[in-house]
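Here is how the chains run, residue by residue.
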Amino acid sequence: KCRTEIGSRATHARGGNSMNWTTAWLTMKQGYKVKRHHWKNAYWHIAARELMIHTEQGSDINFREVSDMGMFISLMCCDDWELVEENDDVSEKSV
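Presented here is a report on the structure given in the accompanying data block. (Residues numbered from 1 in each chain as written. Predicted model: local features only at pLDDT ≥ 70, side-chain atom pairs only at ≥ 80, totals over all residues. Heavy atoms only, no water.)

**Brief notes about helix 1 (residues 21-29)**
Turning to helix 1, its buried residues are W21, T23, A24, T27 and M28. Down the axis of helix 1, the sector holding all buried residues measures 160°, keeping them to one side. On the buried face of helix 1, the contacting elements are strand 1 (34-36), strand 2 (43-47), strand 3 (50-54), helix 2 (69-76) and strand 5 (81-83). Within two residues after helix 1, G31 carries a phi angle of roughly 100°, on the positive side. (Buried < 20%, exposed > 50% of the residue type's maximum accessible area, 1.4 Å probe, protein only. Helix = DSSP H or I, 4+ residues; strand = E, 2+ residues; numbered from the N terminus. Arc of directions from axis to C-beta. Contact = heavy atoms within 4.5 Å.)

Structural data, given as structure tokens:
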């Protein structure tokens with residue numbers, strides 16, 4: 001069960017604070033940023049119709065440039081994705 005719209009807060013597929021990849025993807029398609037539960041300054045987002053990875057070091061990398069595709073795919077299998085809230089401790093400088 002996935003949600004297709006989000007209001008002021010995301011409604012997650014499993015309830016609580018975590019999303020599976022499908023819900024995280026739909027959330028990004030609507031202009032929001034998502035992160036894994038343990039990421040401090042990193043997140044993923046869509047910019048100019050491309051999936052971008054914002055790293056802990058503050059740079060944005062297009063997913064097409066990822067050298068370890070196996071690890072990238074394993075991250076997509078996780079079900080602990082979270083919506084990046086505006087008050088999260090995430091740097092906006094590189095976005």
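**Looking at the environment of M76**
By secondary structure assignment, the location of M76 is in helix 2. Under the relative-accessibility criterion, M76 is labelled partly exposed at 24%. M76 sits 55 residues away from W21 along the chain, and the two C-alpha atoms are 5.6 Å apart. With sequence-adjacent residues up to four places away left out, M76 is seen in contact with W21, W44 and W81.

**Some thoughts on the environment of G31**
Examined against the element boundaries, G31 turns out to sit in the loop between helix 1 and strand 1. Sequence separation between G31 and H45 is 14 residues, and the spatial gap between their C-alpha atoms is 7.4 Å.

**Notes on the pattern of salt bridges**
Taken as a whole and assessed by the stated rule, the structure comprises two salt bridges. R36 is the salt-bridge partner of D80, the closest N and O atoms lying 2.5 Å from each other. Residue D80 is found in the loop between helix 2 and strand 5, and its partner R36 is found in strand 1; the two are separated by 44 residues along the sequence. An identical accessibility class is assigned to D80 and R36; each is buried. Taking the shortest distance from any N to any O, the salt bridge between R64 and E50 comes out at 2.9 Å. Highlighted residues: R64 in the loop between strand 4 (60-62) and helix 2 and E50 in strand 3, separated in sequence by 14 residues. On the accessibility criterion, R64 (60% relative accessible area) is exposed. Overall, the relative accessible area of 22% leaves E50 in the partly exposed class. (Salt bridge = Lys/Arg side-chain N within 4 Å of Asp/Glu carboxyl O.)

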